[in-house]
Each structure stands twice: as structure tokens, then as C-alpha cells.
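Analysis of the macromolecular model
Each chain, written out:
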Amino acid sequence: IKVQAKLATPSGIDIVTSAPAGGGAANTATPSIYLAVKDVTGEKAITTAGIVATSSITDASAHYEVVYASDSNTYKKQLNATASNAKLEDDFDGLFQSYSFSLTGSCNADGKWVGLTEEPPTVSLVWTIDKPDDASEVTDGPSITFDNVDLITFKGLTATKNYKASSITAGSDEFSLDKYDPHRTWVKDNYSDTTGGDLGVRIDDTWKNLIKERGAGKATVKLTLTDNSVITKEITVQ
């Protein structure tokens, strides 16, 4: 979790990075303001250059499951039994971690605030939640990967969600990929027609040139599974 905070540069007011002592007679010192982002890790003073406060929580993927809806021929993600039966007051916080932050600050009591006409400083806030840069992709069920060179892999195929058909669409043209096509190089070392696994197919220079010509280097790979569900992935060839 990243909280980005930045102060607009005020005139006539000093921005300080620690709470001002504020001693002495009132209306004698230069006005100064301390503003900070506050969370469970402590306080971080906001500056005109901008600061980033970071924290982390555990994701909630362990409390969800993917189920197949036969009436709509789609997959959906929903809370698993443990999470859906959790009581808010008893169990919810134990399953789902939370994060909160606030703004805090103070100003010097001895500042020349009387008669000050400048606008007070304003704070710009942006907060984002993302996976760590080194986190691995988490997928539910089969997926499509591309090694950015020539290998497309249909990963995580199973007996009930196995390979049925695939194609590449470049521009307005769709081209079928047949796993029995002798002109395609298929990688089947970790694949079974009955139990699934990982099935790969290499695209040669002819295919790359076709994608560059028809799709300006971009294409959509479509995988149809044996339960008739469909997965797609956008790829870019160099």
C-alpha cells in the first residue's frame, strides 16, 4: 500500500518536518505548520517535494474460490465457506486484514497568524494498493502465458478443463491453432490429453510477420477449454 502526499508551496508560512515547539510570546515568530501522514508505522512529515508512506497487508485470495456457473457458462469468484460464514464482530478481522491512515499536524502558537492573508497549504493525496514488484502471478484454473519470444503456453489444464481449441487473432483475421497440426511446434512434455498439464506452442517468424502485418505487432490468443469456457490473452511480438 502506498500513500503519496504532497504539499502545495505556501507563501508566508514555513513548512516544517517536526511539530513546532510554539514557545514564546504570540504573534512574534514566522508562522509554521507541520503536517504528516499517520498510520500504524508512525508519522511521516509531508513536504512540498512529496513523500510516500508504505505499508502492507496480506491479500484475501485464500478466502475466495472460483466456481463454474453452468447456466451462464462462466466462472465466478466468491467467498469460500469459512469466509462467507464469518461473523463480522467475531471473525472478520481475523480473516481480512485492514489498513488505515490519517493526516495530523500542528502549528506554532507564537507565529504571526494575526492578519495573515495567505491561503493555507493544501495537501494532495493519492493512495494505491498493488502486489509487491516481486510477487508471482496468482491464477485460478488454466491460464495463458507468453515468453515474449515465441512460446505460448496454456498452463494449468486439467481433466475437466482441458485443451479443446485455440486461435490467434491479429487485426480482423483469426487463425486457428490445431494441436495436431504437424506444421506447428507443440511442446507437450508436461501435458496429457486426459489429465491436462501445460501445453505450449511456438510461433515461428512467419506467424510473427503475419501478426506484425495484420495487427501491428499485437494479437489476441484465445483458448477454448473442454467445458466450453474461453480464456484470452493479449500478446506483443518483437
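A brief structural summary.

What counts and how
- Residue numbering note: each chain is counted from 1, following its sequence as written.
- Confidence filtering applies because this is a predicted model: local features only for residues at pLDDT of at least 70, side-chain atom pairs given and counted only at 80 or more, and all residues used for totals across whole chains, interfaces and linings.
- Values reported for side chains reflect all heavy atoms of the structure, with hydrogen atoms and water molecules removed beforehand.
- For helices the rule is a DSSP run of H or I covering at least 4 residues; for strands it is a run of E covering at least 2, with both sets numbered from the N terminus onward.
- Here the globule rule is a power law, 2.2 Å times the number of residues to the power 0.38, and the radius of gyration is based on C-alpha atoms.
- For every residue, the accessible area obtained with a 1.4 Å probe (protein chains only) is divided by the maximum for its type, and the residue is called buried under 20%, exposed over 50%, and partly exposed between those limits.
- The patch calculation keeps residues exceeding 30% relative accessible area without a salt bridge and links them within 9 Å when they carry like charges or within 5 Å when they are nonpolar (Val, Leu, Ile, Met, Phe, Trp, Tyr).
- For accessible areas, the Shrake-Rupley method is used with a probe of radius 1.4 Å. Any residue's cover is judged against the shown protein chains and nothing else.
- When a carboxyl oxygen of Asp or Glu is within 4 Å of a side-chain nitrogen of Lys or Arg, the pair counts as a salt bridge.
- Among the buried residues, those of types Ala, Val, Leu, Ile, Met, Phe, Trp, Tyr and Cys that are joined through side-chain atoms within 4.5 Å form a nonpolar core.
- For this analysis, residues touch if any pair of their heavy atoms sits within 4.5 Å.
- Each C-beta atom gives one direction from the helix axis, and the arc is the one those directions make.
- Pairs of N or O atoms are called polar contacts if they sit within 3.5 Å, as long as, within protein, a hydrogen donor faces a hydrogen acceptor (for residues adjacent in sequence, only side-chain-to-side-chain pairs).
- Only strands joined by at least two bridges in the DSSP assignment are considered to pair.
- Think of each axis as a best-fit line through the C-alpha atoms, taken over the contacting stretch in the case of a helix, with angles from 0 to 180 degrees between the N-to-C directions.
- The criterion for an aromatic pair is that two Phe, Tyr or Trp rings (for Trp, the six-membered ring) have centres within 6.5 Å, with stacked assigned to planes under 30 degrees apart, edge-to-face to planes over 60 apart and tilted to the rest.

The subject of this paragraph is the overall build of the protein. Of the regular secondary structure elements, the protein holds 3 helices and 17 strands. Its C-alpha radius of gyration of 28 Å places the protein more than 25% over the 18 Å reference for a compact globule of 238 residues. Its C-alpha atoms give the protein principal-axis dimensions of roughly 90 × 50 × 30 Å. Here the protein holds 238 residues, and 30% of them are scored as buried.

A few words now on a nonpolar patch on the surface. On the surface, Leu103, Val123 and Leu125 cluster together to form a nonpolar patch covering roughly 210 Å² of accessible area. The topology assignment puts Leu103 in strand β8 (residues 102–107).

Nonpolar side chains in soluble globular proteins tend to be buried together. Ile152, Phe154, Leu157, Tyr163, Ile168 and Ile203 are the most contacted members of the largest nonpolar core, which totals 23 residues. Among the elements of the structure, β10 (143–146), β11 (151–157), β12 (163–170), β14 (185–192), β15 (196–202), α3 (205–215) and β16 (218–225) are those that each provide at least two residues to this core. Counting residues per element, this core draws most heavily on β16, at 4 residues. The residues touching Ile168, leaving out its near neighbours within four places in the chain, are Ile152, Asp173, Glu174, Phe175, Leu177, Ile203, Trp207, Ile211, Ala219, Thr220 and Val221. Membership of the second largest hydrophobic core comes to 7 residues, among which are Val3, Leu7, Ile46 and Ala53.

Restricting attention to buried positions, one finds in α3 the residues Trp207, Lys208, Leu210, Ile211 and Gly215. Looking down the long axis of α3, one finds its buried residues gathered within 160° of arc, a one-sided arrangement. What points out from α3, more than 90 degrees from its buried face, is the exposed set Asp205, Thr206 and Glu213. Buried residues in α3 make contact with β12, β13 (173–177) and β16. Two or three places before Thr206, at the start of α3, stands the capping residue Asp204, its side-chain oxygen 3.2 Å from that residue's backbone nitrogen.

Before going further, it helps to examine the sheet that holds β10. Taken together, the 4 strands give an open sheet; going across it, the order is β10-β11-β15-β14, and neighbouring strands pair in antiparallel fashion. Sheet topology places β10 and β14 at the edges, where each strand pairs with a single neighbour. Direction aside, neighbouring strands of the sheet carry axes that sit 15° apart on average. In the sheet, β11 pairs with β15 via 5 bridges, with the strands oriented antiparallel. In the sheet register, Ile152 faces β15, and the bridge partner there is Val201.

Relative to the helices and strands, Asp150 resides in the loop between β10 and β11. Non-local contacts of Asp150, meaning those with residues more than four positions away in its chain, are made with Val201, Arg202, Ile203 and Lys208.

What follows covers the pattern of salt bridges. Under the defined criterion, the tally for this structure stands at 6 salt bridges. Residue Lys222 pairs with Glu174 through a salt bridge whose shortest N-O separation is 3.4 Å. Of the two residues, Lys222 sits in strand β16 while Glu174 sits in strand β13, which places them 48 residues apart along the sequence. On the basis of relative accessible area, Lys222 is assigned to the partly exposed category, the value being 30%. The class for Glu174 is partly exposed, based on a relative accessible area of 47%. In this structure, Glu213 and Arg214 form a salt bridge, with 3.7 Å as the shortest nitrogen-oxygen distance. The class of Glu213 is exposed, set by a relative accessible area of 62%. Judged by relative accessible area, which is 37%, Arg214 ranks as partly exposed.

With that out of the way, let us pick up the packing of aromatic side chains. Within this structure, the stated rule accounts for 5 aromatic pairs. The interplanar angle of 80° and the centroid separation of 5.9 Å between the aromatic rings of Tyr163 and Trp186 together place this pair among those described as edge-to-face. Remark: Trp186 occurs in strand β14 and Tyr163 occurs in strand β12; sequence separation between them is 23 residues. Among the residues examined, Trp186 registers a relative accessible area of 12% and is labelled buried. Through pairs of rings, three or more aromatic residues link up here, namely Phe154, Tyr163 and Trp186.

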